[in-house]
Amino acid sequence: MPDGAQFQGGSVTPADFTSQAAFERECREVFPRGWIPMCRSEAIAGAGAQKAVTVALRPLLVLRDAAGVARTFANVCRYRSMTLVEGETRAPFVRCPYHLWAYDLEGRLQSAPFMDGVDLSGCDLPAFATEEWGGFVFVNLDGRAEPLGETLRPLEAILKPERLAGWREGFRLSYEHPWNWKVMLENFAESYHHIGAHVDTLQALWPGGLSDSSTSNDRWIALRHSVHPASGELLVYAIYPHFLFAAYEPGTSAFWYDMTPLGPDRIRLDIVGLYPPEVAADPEAMARETPLAMGIHAEDIPVCERTQIGLSSPDAVMGPLSPLEVGLAHFRRWVKGRAA
Ligand code: FES
Ligand SMILES: [Fe+2]
């Protein structure tokens, strides 16, 4: 019997999707252990480009240093803890607007007014492991994850990171949603629901019953589909903990679900369309593409919202998974194993 059919959700319970304690445990035990995508490389193009992001509820600052290296620091001033950067900025240093402490682009405290004679050792910014892959910038908070390139190497023949690195953001749709990050991941990484939620859209192109996540493992869910004569193949990946990425093959476009978990029942989600530069820069092409992505997501919004409501009920269950959802079985085991 296929793995997914045997799997009833393991030790994952509805409370893992709804409780503050479970979410806090994930912030401590799950998110810091893996590679989390923070932004596209183009968002920090050029020396001194700086961007504020949130990972595992921690304010971080990702920037490009003078040598072109992407670096990530705590976005927290070493004086009175004010966040250093809001949104995006560009400067040859990081300067806190409160009392003007300034750090260089490698995180070293450079100057602090009226601090003569004060010991400022230990006042450099805490730094985190940072890697770029396929034009994405990732962080690993605990510094113990295996190099990202090694994790993703088996997927590179399919995902073609060199090509992805050259693609550009054509559109970005921004949402805030009242559901758990795992509800979003599970919705993204199974196509069983094409038969219900997307019956008039995706189901016609990539029927849910023909989806296959049997090559998923303890690092990612890989979801493949039948090849549609006009639209090609849809490749969907959820690389743990939550790099959600889909691409059409032959390579015309890709989609990144840029998700920031904010609480047990809250995520920020940006749906980002990635295209070859000339397509991303073509307003007519983007005027065609954007409504498609928006329309598909509009079909996912009510099902995810209502799943979260149901999971919060005393009657919530973790029902048996379909053989089409082997990947979800693997993911649940993985996430629970890390948050044990
Ligand atoms: S809090 Fe940053 S300089 Fe005062
Ligand atoms: Fe969906």
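To be clear, the structure that these remarks concern was listed above.
So, how was this worked out
- Residues numbered from 1 in each chain as written.
- Chains lettered and ligands numbered in written order.
- Predicted model: local features only at pLDDT ≥ 70, side-chain atom pairs only at ≥ 80, totals over all residues.
- Heavy atoms only, no water.
- 1 Å grid on protein atoms, 1.4 Å probe; cavity = no way out; pocket = protein on both sides within 12 Å on 5 of 7 lines; lining within 4 Å.
- Points joined across faces, edges and corners; volume = space filled by probe spheres on them.
- Helix = DSSP H or I, 4+ residues; strand = E, 2+ residues; numbered from the N terminus.
- Nonpolar A, V, L, I, M, F, W, Y, C, P; charged D, E, K, R; others polar.
- Donors = N, O, S within 2.8 Å, 3.2 Å for Na, K, Ca; no water.
- Tetrahedral: all angles 85-135°; square planar, octahedral: opposite > 155°, others 65-115°.
- Buried < 20%, exposed > 50% of the residue type's maximum accessible area, 1.4 Å probe, protein only.
- Expected span 1.5 Å × (residues − 1).
- Bend = angle between axes of the 7 residues up to and from the residue.
- Polar contact = N/O pair within 3.5 Å; in protein donor to acceptor, adjacent residues only side chain to side chain.

Engineer: Please clarify how empty space enclosed by the protein should be interpreted in this entry.
Structural biologist: Gaps left between atoms are located by rolling a probe of water-molecule size over the structure's atoms. A complete count under the given rule lists one cavity of 30 Å³ or more for this structure. What the largest cavity holds in volume is close to 60 Å³. Looking at the lining of the largest cavity, the elements that each hand over two or more residues are α3 (20-29) and α11 (326-338). The biggest single contributor to the lining of the largest cavity is α3, with three residues. Its residues placed into classes, the lining of the largest cavity shows four nonpolar, no polar and five charged.

Engineer: Where do I start with the coordination of the iron ion (ligand 2) in this structure?
Structural biologist: For a metal bound by four donors in a tetrahedral arrangement, the ideal donor-metal-donor angle is 109.5 degrees, while six donors in an octahedral arrangement ideally sit at 90 or 180 degrees. Here the iron ion (ligand 2) is held by His193 (NE2), His198 (NE2), Asp300 (OD) and Asp300 (OD), and the distances to it run 2.0 to 2.5 Å. Each of the four donor atoms bound to the iron ion (ligand 2) contributes to angles spanning 56 to 152°, and the resulting shape is irregular. When the donors of the iron ion (ligand 2) are listed by position in the chain, the intervening gaps give H-x4-H-x101-D. One end of the pair, His193, is in the loop between α7 (181-188) and α8 (202-205); the other, Asp300, is in helix α10 (residues 283-311), and 107 residues separate them in sequence. We note that His193, like Asp300, is buried.

Engineer: How should α10 be read in this particular structure?
Structural biologist: Since the α-helix advances by 3.6 residues per turn, residues separated by three or four positions end up pointing in the same direction. A rise of 1.5 Å per residue sets the reference length of α10, with its 29 residues, at 42 Å; its end C-alpha atoms lie 41 Å apart and thus fit the reference within 8%. The sharpest bend along α10 comes to roughly 25°, located at Asp300, with the proline Pro302 sitting one to four residues further on. Within α10 the residues assigned to the buried category are Ala285, Met286, Thr290, Ala293, Ile296, His297, Asp300, Cys304, Gln308 and Leu311. Two or three places before Glu284, at the start of α10, stands the capping residue Asp282, its side-chain oxygen 3.0 Å from that residue's backbone nitrogen.

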